[in-house]
Amino acid sequence: MKDRSDAELVIQACAGDRESFGELVVRYQRPAYSVALSVIGRHQDAEDAAQESFMVALERLEECRNPARFAGWLLAIVRNRSRNLIRRESLRRGDEIPASASSSGPSPERAADISALRGRLTEALNTLSDVQREVVLLHDLEGWKHAEIAERLGMPSGTVRSHLHFARKALRIQLSEWKDYGKGV
Amino acid sequence: MDTEDRDRTAGRGRSPVRATNGESAREPRQPLNALDPGYESPGYWERFHAAVMQRAAFELARRRRLARESVAAVLSGWSRSLIPVGIAAAVAAALLVGSEVRNAGDATPPLVLEDVLASEVEDRALPAVVNGQAPASPVAFMVLVEGNVP
């Protein structure tokens, strides 16, 4: 299962294979969320946009002309959908993923710390351009390599490095002003 | 146990390269983990996955049904075209065999060498030869032939 290529999974998913589509979701749910977050900047809306993008992708799988490049195609859907959501000001706020009752979540103090850090990070990210946000999240949050980002976003690897460099530099400046940055997390 | 470890335990790598991505070691990586919803909410990505799959169930079922129907349609399409062609071929073969059998009865007799040599040659047989009164002597026969040459 792990060895199956994206192209194979897409072809199987086209025929309605639940397992194949599920594997595609596992592979790209985090990048999809990161791209949505880079555009929208809010967790709940990014979550909605990422989930809806998977639905749109499933409904339009036949339009993915090169199944081997499914990731880039999916992320383009996520990006467009996120922008449309912002443009229309009709962000859906329902369908929140319920936390499981047995979830061993963080303590209230730690949750508050994380929430504060998240807010600060979001503010810092908002100072970047769309593409810089996307690149830095895919690289530093999702762990994608330059070449992967370049291939999937359709830009030269050098451009990816450049965006990453300037994004990190801007984030450093923004976050260094926050003296409690990173503490306790 | 951090998010990555939890993912690994759950059998779900966030990215195949995440653990080995050290290509930008020269620059400090920004600690963006707090932006990961799974950072503070264990099982978040499993729930995310489950939510997507739940919403996708109808579309996947529709696609499975379409796939089944398209296979049946191909088979029935083949049957619709192949059966008439097969019947027509069988009828044609039967007619061909029947005509061969009929023609076998009145087949033309084989040609003999004399007929081939005599064909398209003007009939100039000597009456004496035809009547069986040709002379036995070659000299007399030649005289008879010479006498009939126009």
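Residues numbered from 1 in each chain as written. Chains lettered and ligands numbered in written order. Predicted model: local features only at pLDDT ≥ 70, side-chain atom pairs only at ≥ 80, totals over all residues. Heavy atoms only, no water.

(A) The arrangement of the confidence of the model for chain B in detail. Residue and element names in this part refer to chain B. Considering every residue of chain B, the mean pLDDT works out to 74; 68% of them sit at 70 or more. Here helix H1 (residues 3-9) stands out as the element of chain B with the lowest mean pLDDT, 40, in contrast to helix H2 (residues 44-105), whose mean of 85 is the highest. In this model, residues 1-22 is a region of pLDDT below 50 whose contacts with residues beyond four sequence positions or in other chains number 44 contacts. As a predicted assembly, this complex carries a pTM of 0.60 together with an ipTM value of 0.74. (pLDDT = per-residue confidence, 0-100. Helix = DSSP H or I, 4+ residues; strand = E, 2+ residues; numbered from the N terminus. Contact = heavy atoms within 4.5 Å.)

(B) Main features of a nonpolar patch on the surface. Taken together, Val 71, Val 74, Leu 75, Trp 78 and Leu 82 of chain B make up a surface patch of nonpolar side chains, about 520 Å² in accessible area. When you line up the elements, Val 71 of chain B lands in helix H2. (Patch = residues over 30% accessible without salt bridge, like charges linked within 9 Å, V, L, I, M, F, W, Y side chains within 5 Å. Areas by Shrake-Rupley, 256 points an atom, 1.4 Å probe, with all protein chains shown as cover. Salt bridge = Lys/Arg side-chain N within 4 Å of Asp/Glu carboxyl O.)

(C) Just the nonpolar core, in detail. Within the largest apolar cluster, 62 residues are counted, with the highest numbers of intra-cluster contacts made by Phe 21, Phe 54, Phe 70 and Val 136 of chain A. For this core, the element with the highest residue contribution is helix H2 (residues 18-40) of chain A, accounting for 11 residues. Filtering out sequence-adjacent residues up to four positions away, Phe 21 of chain A remains in contact with Ala 13, Phe 54 and Leu 58 of chain A together with Val 52, Met 53, Ala 56 and Leu 60 of chain B. (Core = buried A, V, L, I, M, F, W, Y, C linked by side-chain atoms within 4.5 Å. Buried < 20%, exposed > 50% of the residue type's maximum accessible area, 1.4 Å probe, protein only.)

(D) Fine view of the packing of helix H1 (residues 6-14) of chain A against H2 of chain A. Residues and elements named next belong to chain A. Close contact between H1 and H2 brings their axes to 8 Å; oriented N to C, the two are set at 135°. Taken together, the axis directions place H1 and H2 in an arrangement best described as oblique. As H1 runs across H2, the sense of the crossing is left-handed. Together, Asp 6, Leu 9, Val 10, Gln 12 and Ala 13 of H1 and Ser 20, Phe 21, Glu 23, Leu 24, Arg 27 and Tyr 28 of H2 make up the contact between the two elements. The class makeup of the residues in the contact of H1 with H2 is 6 nonpolar, 2 polar and 3 charged. (Axes fitted to C-alpha atoms, helices over the stretch in contact; angles between N-to-C directions. Parallel < 35°, antiparallel > 145°, perpendicular 65-115°, else oblique. Left-handed = near helix turned anticlockwise from the far one by under 90°. Nonpolar A, V, L, I, M, F, W, Y, C, P; charged D, E, K, R; others polar.)

(E) Focus on the pattern of salt bridges. All names here are of chain A. All told, the structure shown has 13 salt bridges over all chains when counted by the stated rule. Across the pair Glu 52 and Arg 81 runs a salt bridge, and its minimum N-O distance is 3.1 Å. Of this pair, Glu 52 sits in helix H3 (residues 43-59) while Arg 81 sits in helix H4 (residues 70-88), and the two are 29 residues apart along the sequence. For Arg 81, a relative accessible area of 26% translates into the label partly exposed.

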